[in-house]
Amino acid sequence: MGHFCDDLSDPLCSPFFGFDDARIISTFFVPSGKLNQDKTMMNVGVIGSGAMGSGIAQVAATAGHTVLLYDNNPAALQRSKNKLAKIMNRLVEKGRVDEATAQAIQSRIHYVDSLYDFKEPGMVIEAIVENLEVKRNVFEQLELIVPKDCIIASNTSSLSIAAIAAVCKDPSRVLGIHFFNPAPLMKLVEIIPAIQTDSAVLEKACEQIKSWGKITVVAKDTPGFIVNRVARPFYGEALRILEEGLADAATIDWAMTEIGKFRMGPFTLMDYIGNDVNYTVTETVFRSFFYDPRYKPSFTQKRLSEAGYLGRKSGRGYYDYREGAQNPEPNKDKKLGQEIVWRILVMLINEAADALYLNIASREDIDLAMTKGVNYPKGLLQWADEKGIHHCVETMDRLHHEYLEDRYRCSPLLRKMARDGMKFYEDKK
């Protein structure tokens, strides 16, 4: 069986680019005197000792749980242990936590290289490579080892929970628990029941994750769940605007950050994620949605990936990161900037409306997911109300008329709401 260290392909790690480890962890810690020391707390198992698995283990240990962190690569386990020790030492040096707190958190995590150590956990969260067959193999083995009432969860960001659960003899205790990277900092966790999941298991999982100080949203088991589905136009429409020559990358990024108030522009974000990773995610979503044109990948990004222009990690992407490189200045024309922001924003709103229309999640959970999961300035459905539902529909229809592409089809929910004079939050005063 292959190395279990988790894949870093989750594109949602990026909103906190520039945060060092100490800042990330310090935002999550509670004072040592308030750490839960209840000896009756369930043990928690985590599979995969990469960035995501280690982060989840740290969150659970900070909440007072004894944690078993498994990886079949001893070197990966040692790296995880060393990294946590380094972070804790730095926090102690800076006076953000005391020595007792740091030692208590570290002592709760036990690093193991055999799944057979997982005989007592009440919950196990798998955080390994995004490969369905690898995950199914792990779940098939794990079910034979853990207690019969143990919740078995996958941290997948896009794979079918039903397909993972199907390999188990008791699929009713399987569900998705999707943390965002870095797990200690990001408040949002998507909880995804499969069609096989027992409602009591869902309720228990939500309560458990909330007790760790997280905000939970429940999503239907469909590709990308909430965030990775709704966020696609942030990249896709920005690339389309670039390909049409309406604006360059610097101008689009300027518009989205300065006018739209997003934390990072789409091209800066894609360069940070890596064009190879972001392209693969987009291609996977496109395929998973049976080649729906709304998720169609970009040839521009594909060619950058093929050329090895992967972004920051390769020194060159949409921007040049090599020493002494000069990148173009944005065109700060306000009218152009507003047009760019609105075109990308209305596509995001349309995607969020469709997610609600198809019962992917509730109105509140969709907006929570986008503000807490990827730090959007405000919820997209709230934004739609402020911009005007009629305005959203008119813009989508104008784009569809211009391009005659299904990519720009308006959500039936938006059209119905415009016809009936409704708002998403008209019941909120």
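Details of the structure are given in the entry above.
## Focus on unusual backbone geometry
Asn181 connects to Pro182 through a cis peptide bond whose omega is 5°. With respect to the helices and strands, the residue Pro182 is situated in the loop between β6 (174-179) and β7 (188-193). Even without a glycine there, the phi angle at Phe225 is positive, about 55°. Within the fold, Phe225 resides in the loop between β8 (215-218) and α8 (227-230). The buried category is assigned to Phe225, whose relative accessible area is 0%. One non-glycine residue, Asn375, lies in positive phi territory at about 55°. Relative to the elements of secondary structure, Asn375 occurs in the loop between α15 (363-373) and α16 (380-387).

## Focus: the packing of helix α12 (residues 275-288) against helix α13 (residues 299-307)
In the contact formed by α12 and α13, the axes pass within 9 Å of each other and the chain directions differ by 135°. Between α12 and α13, the angle falls in the class oblique. Here α12 and α13 pass one another in a crossing that is left-handed. Two secondary-structure elements touch here, α12 through Asn275, Asp276, Asn278 and Tyr279 and α13 through Gln301, Lys302, Leu304 and Ser305. Grouping the amino acids of the contact of α12 with α13 by side-chain chemistry returns 2 nonpolar, 4 polar and 2 charged.

## Focus: the packing of helix α14 (residues 334-357) against helix α17 (residues 389-403)
Contact geometry of α14 with α17 gives a least axis separation of 10 Å together with a crossing angle of 105°. As far as their axial angle goes, α17 and α14 are roughly perpendicular. Of the residues in α17, those touching α14 at Trp342, Arg343, Val346, Met347, Ile349 and Asn350 are His391, Cys392, Thr395, Met396, Leu399 and Tyr403. A breakdown of the residues in the contact of α14 with α17 according to their chemical character gives 8 nonpolar, 3 polar and 1 charged.

## A short note on the state of the cysteines
Under the defined criterion, the tally for this structure stands at 0 disulfides. Free of any disulfide, Cys150 has its nearest cysteine sulfur in Cys168, 11 Å distant. Looking at Cys168, the relative accessible area reads 6%, which means it is buried.

## Looking at the pattern of salt bridges
Applying the stated criterion across every chain, the model contains 24 salt bridges. Between Arg136 and Glu133 there is a salt bridge; the shortest N-O distance is 3.8 Å. A residue pair is termed a helical-turn pair when its members lie 3 or 4 positions apart in one helix, as Arg136 and Glu133 do in helix α5 (residues 132-143) at 3 residues. Between Glu339 and Lys335 there is a salt bridge whose closest N-O contact spans 2.8 Å. Of this pair, Glu339 and Lys335 both sit in helix α14, 4 residues apart, which is roughly one turn of the helix. Glu339 gets classed as partly exposed once you look at its relative accessible area, which sits at 43%.

Thresholds applied
Residues numbered from 1 in each chain as written. Predicted model: local features only at pLDDT ≥ 70, side-chain atom pairs only at ≥ 80, totals over all residues. Heavy atoms only, no water. Helix = DSSP H or I, 4+ residues; strand = E, 2+ residues; numbered from the N terminus. Buried < 20%, exposed > 50% of the residue type's maximum accessible area, 1.4 Å probe, protein only. Axes fitted to C-alpha atoms, helices over the stretch in contact; angles between N-to-C directions. Parallel < 35°, antiparallel > 145°, perpendicular 65-115°, else oblique. Left-handed = near helix turned anticlockwise from the far one by under 90°. Contact = heavy atoms within 4.5 Å. Nonpolar A, V, L, I, M, F, W, Y, C, P; charged D, E, K, R; others polar. Disulfide = S-S within 2.5 Å. Salt bridge = Lys/Arg side-chain N within 4 Å of Asp/Glu carboxyl O.

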